[in-house]
Amino acid sequence: MSFIKQNRFSSLWMIPVGIGIDYLGVRLVNVFGLPLYLDSIGTILTAALCGYLPGILVGFFSNFITSLSDSVSFYYSTLSILIAIVASRFAQRGVFSRFRSTLLTIPVFVLIGGGLGSVLTWLLAGFRFGSGISAPLTAFLYQNGFPAFGAQLS
């Protein structure tokens, strides 16, 4: 049973906390130049604890806030919404109640955020490489024999 069914008030304060966690993840990546994205931790946490609707709100508004300084970020809200729905379903099925099964969710979130995110980047960049954190790695792979889309996807 999701946390929201137990206490609706708790989900109200969890929404801004989740948005803050997502925003902090974006800032940490930008400040330290990390080659990964940490912008869905608050979305996953909120969806797992409070249900899919609060998770969707966190994912959407996190991307909206980020898009104020980087307009392309808004397009990725669709992925954040999908991540929230999946995290909520995992929580409903008790997947997050055991550490081992929680670890098994990582490939699913990587596929959504990384895989579908790469496809979205490819489309938004006009079938070329994106210019984000992973662009140098993408260019390196392409220069070393990967097909352009394969380099972007990896």
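Here is a short report on the structure shown in this document. (Residues numbered from 1 in each chain as written. Predicted model: local features only at pLDDT ≥ 70, side-chain atom pairs only at ≥ 80, totals over all residues. Heavy atoms only, no water.)

Things to note about the overall build of the protein chain
Logical step 1: Along the protein chain, the regular secondary structure elements total 9 helices and 0 strands.
Logical step 2: Across the protein chain, helices and strands are ordered from the amino to the carboxyl terminus as α-α-α-α-α-α-α-α-α.
Logical step 3: Out of the 154 residues in the protein chain, the part that is buried amounts to 38%.
Logical step 4: Summarising the internal contacts of the protein chain: among those between residues at least 6 apart in sequence, 57% fall at separations of at least 24. (Helix = DSSP H or I, 4+ residues; strand = E, 2+ residues; numbered from the N terminus. Buried < 20%, exposed > 50% of the residue type's maximum accessible area, 1.4 Å probe, protein only. Contact = heavy atoms within 4.5 Å.)

Structural notes on helix α4 (residues 52-67)
Logical step 1: With 16 residues, α4 ought to run about 22 Å at 1.5 Å a step, and its terminal C-alpha atoms sit 22 Å apart, in line with that.
Logical step 2: The set of residues buried in α4 consists of P54, G55, I56, V58, G59, S62, N63, T66 and S67. (Expected span 1.5 Å × (residues − 1).)

Looking at the packing of helix α5 (residues 77-92) against helix α7 (residues 106-124)
Logical step 1: Look at α5 against α7: their axes get within 10 Å of each other, and the N-to-C directions meet at 165°. With respect to each other, α5 and α7 are oriented roughly antiparallel. In this structure, the crossing between α5 and α7 has a hand that is right-handed. Residues T78, L79, L82, I83, V86, A87 and F90 of α5 form the contact with α7, whose participating residues are V108, F109, I112, G113, L116, G117 and L120.
Logical step 2: Among the residues forming the contact of α5 with α7, the class breakdown is 11 nonpolar, 3 polar and no charged. (Axes fitted to C-alpha atoms, helices over the stretch in contact; angles between N-to-C directions. Parallel < 35°, antiparallel > 145°, perpendicular 65-115°, else oblique. Left-handed = near helix turned anticlockwise from the far one by under 90°. Nonpolar A, V, L, I, M, F, W, Y, C, P; charged D, E, K, R; others polar.)

With respect to the packing of aromatic side chains
Logical step 1: Tallied over the full model, the rule gives 5 aromatic pairs.
Logical step 2: For the ring pair F60 and F61, a centre distance of 5.2 Å and an interplane angle of 85° mean the geometry is edge-to-face.
Logical step 3: A relative accessible area of 36% means that F61 is categorised as partly exposed.
Logical step 4: Ring geometry for F90 against F96: centres 6.1 Å apart, planes inclined by 90°, an arrangement best described as edge-to-face.
Logical step 5: Under the relative-accessibility criterion, F90 is labelled buried at 18%.
Logical step 6: Note on F96: relative accessible area 26%, which makes it partly exposed.
Logical step 7: Every member of this aromatic cluster is reached through a ring pair, and the members are F60, F61, F64 and F74. (Phe/Tyr/Trp six-rings, centres within 6.5 Å; stacked < 30°, edge-to-face > 60°.)

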